[in-house]
Amino acid sequence: DAGVIQSPRHEVTEMGQEVTLRCKPISGHNSLFWYRQTMMRGLELLIYFNNNVPIDDSGMPEDRFSAKMPNASFSTLKIQPSEPRDSAVYFCASSLRVGRLKGPYEQYFGPGTRLTVT
Amino acid sequence: AQTVTQSQPEMSVQEAETVTLSCTYDTSESDYYLFWYKQPPSRQMILVIRQEAYKQQNATENRFSVNFQKAAKSFSLKISDSQLGDAAMYFCAYRSAGGSGGSNYKLTFGKGTLLTVNP
C-alpha cells in the first residue's frame with residue numbers, strides 16, 4: 001500500500017511568493033495532520049483535520065498560513081506571502097480514528113517537504 | 001500540558017551492540033500512548049514501536065524493545081544487535097488517550113536523540 005504522499009519534496013522560493021504544499025493521505029484514513037519541523041522548535045502540529053473538517057488549527061502561526069482538505073484524499077497547506085522564517089520541513093501525517101473509541105491511532109508520516117524561502 | 005524530555009542529544013553504539021535511548025515525560029493523566037519514531041537522513045518519520053499506558057508488559061518489535069516505567073514516567077528504547085541502518089534521529093512522543101473530547105489526537109514530541117552506529 002502506498003504511504004502518505006507529499007509534493008513537492010523540495011521547494012525553493014523567494015520571499016513574498018505563494019507556496020502550496022500538497023498531501024495525499026493513506027487511503028481509508030480519516031484524520032490528517034500538518035506538522036512543521038525546525039531545529040529551534042522541533043516538531044509542531046500546525047493543523048488537524050478529521051473527516052475533512054479542521055478540528056484544531058491553533059498551531060497555525062499566523063494568517064499567512066491556510067490549510068484545506070476538499071476531500072478525503074487530498075489536502076493543501078498554503079503560505080502567502082512566504083517569509084524566510086517559514087523555512088522548515090513540513091510533514092503531513094494521517095491516521096484512522098474510529099469514532100469516539102479510544103485507540104492508539106498511530107500517525108503515519110509522509111516524506112516531508114523541505115521549504116526554503118530566500 | 002504534557003512535556004517529553006530526551007536528555008541525550010547524541011548517542012553512539014558499535015555495530016552489533018546494544019544501546020538504550022532515554023525518554024521521560026510529564027503528565028497528570030493515567031491513560032495515554034507512547035511512541036518512538038525514527039527519522040533517518042531521508043527525513044521520513046518512521047513509527048518504530050508504541051506502548052499503551054494501561055499495559056504492564058513492555059512492547060517489543062524485533063530488535064526494538066521498550067522499558068516502560070509508568071510510576072517513574074520513563075519510556076526508554078532499547079535497540080539490540082545494532083545495525084548501520086539504525087543510524088537516525090529518534091523521537092519519543094506522547095499522546096493522551098483522552099475521553100470523548102480533548103486533545104487526544106495531538107502528539108507531543110521530544111527534541112530527539114541522534115544515534116550514530118559505528119562499524
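The structure this text deals with has already been given above.
The rules behind each value
Residues numbered from 1 in each chain as written. Chains lettered and ligands numbered in written order. Predicted model: local features only at pLDDT ≥ 70, side-chain atom pairs only at ≥ 80, totals over all residues. Heavy atoms only, no water. 1 Å grid on protein atoms, 1.4 Å probe; cavity = no way out; pocket = protein on both sides within 12 Å on 5 of 7 lines; lining within 4 Å. Points joined across faces, edges and corners; volume = space filled by probe spheres on them. Helix = DSSP H or I, 4+ residues; strand = E, 2+ residues; numbered from the N terminus. Nonpolar A, V, L, I, M, F, W, Y, C, P; charged D, E, K, R; others polar. Contact = heavy atoms within 4.5 Å. Buried area = accessible area lost by both parts, 1.4 Å probe. Salt bridge = Lys/Arg side-chain N within 4 Å of Asp/Glu carboxyl O. Polar contact = N/O pair within 3.5 Å; in protein donor to acceptor, adjacent residues only side chain to side chain.

Peer 1: What is the right way to look at the layout of surface pockets in this model?
Peer 2: Picture a little ball the size of a water molecule; that probe, rolled over the atoms, points out where space is still empty. Empty space within the largest pocket amounts to approximately 440 Å³. A:Gln37, A:Met39, B:Gln39, B:Met89 and B:Phe91 are the residues nearest the centre of the largest pocket, which is lined by 19 residues in total. Among the secondary structure elements, those contributing two or more residues to the lining of the largest pocket are strand S4 (31–38), strand S5 (42–50) and strand S9 (88–95) of chain A together with strand S10 (88–96) of chain B. Its residues placed into classes, the lining of the largest pocket shows 11 nonpolar, 5 polar and 3 charged. In this structure, the second largest pocket encloses a volume near 310 Å³. In terms of lining, the second largest pocket is formed by 16 residues, of which the most central are A:Arg41, A:Leu43, A:Glu44, A:Leu45 and B:Leu107. Mapped by element, the contributors of at least two residues to the lining of the second largest pocket are S5 of chain A together with strand S11 (108–109) of chain B. Looking at the lining of the second largest pocket, the element that brings in the most residues is S5(A), giving 4 residues. Partitioning the lining of the second largest pocket into residue classes produces 6 nonpolar, 5 polar and 5 charged.

Peer 1: Would you mind showing me how to read the interface of chain B and chain A here?
Peer 2: A common measure of how large an interface is: the accessible area buried when the components associate. Contacts between chain B and chain A engage 23 residues on the former and 30 residues on the latter. Between chain B and chain A, a total of about 2200 Å² is buried, with carbon and sulfur atoms accounting for 49% of that surface. Among the residues of chain B in contact with chain A, B:Arg43, B:Met45 and B:Tyr105 are the three that bury the most area, contributing 33% of the side total. The residue B:Lys106 makes a salt bridge to A:Asp56 at a minimum N-O spacing of 3.7 Å. Remark: the boundary between chain B and chain A carries 9 residue pairs in polar contact (both at pLDDT 80 or more). Looking at the side of chain B that touches chain A, the elements that each hand over two or more residues are strand S5 (32–39), strand S6 (46–52) and S10 of chain B. In terms of residue class, the side of chain B that touches chain A is made up of 10 nonpolar, 6 polar and 7 charged.

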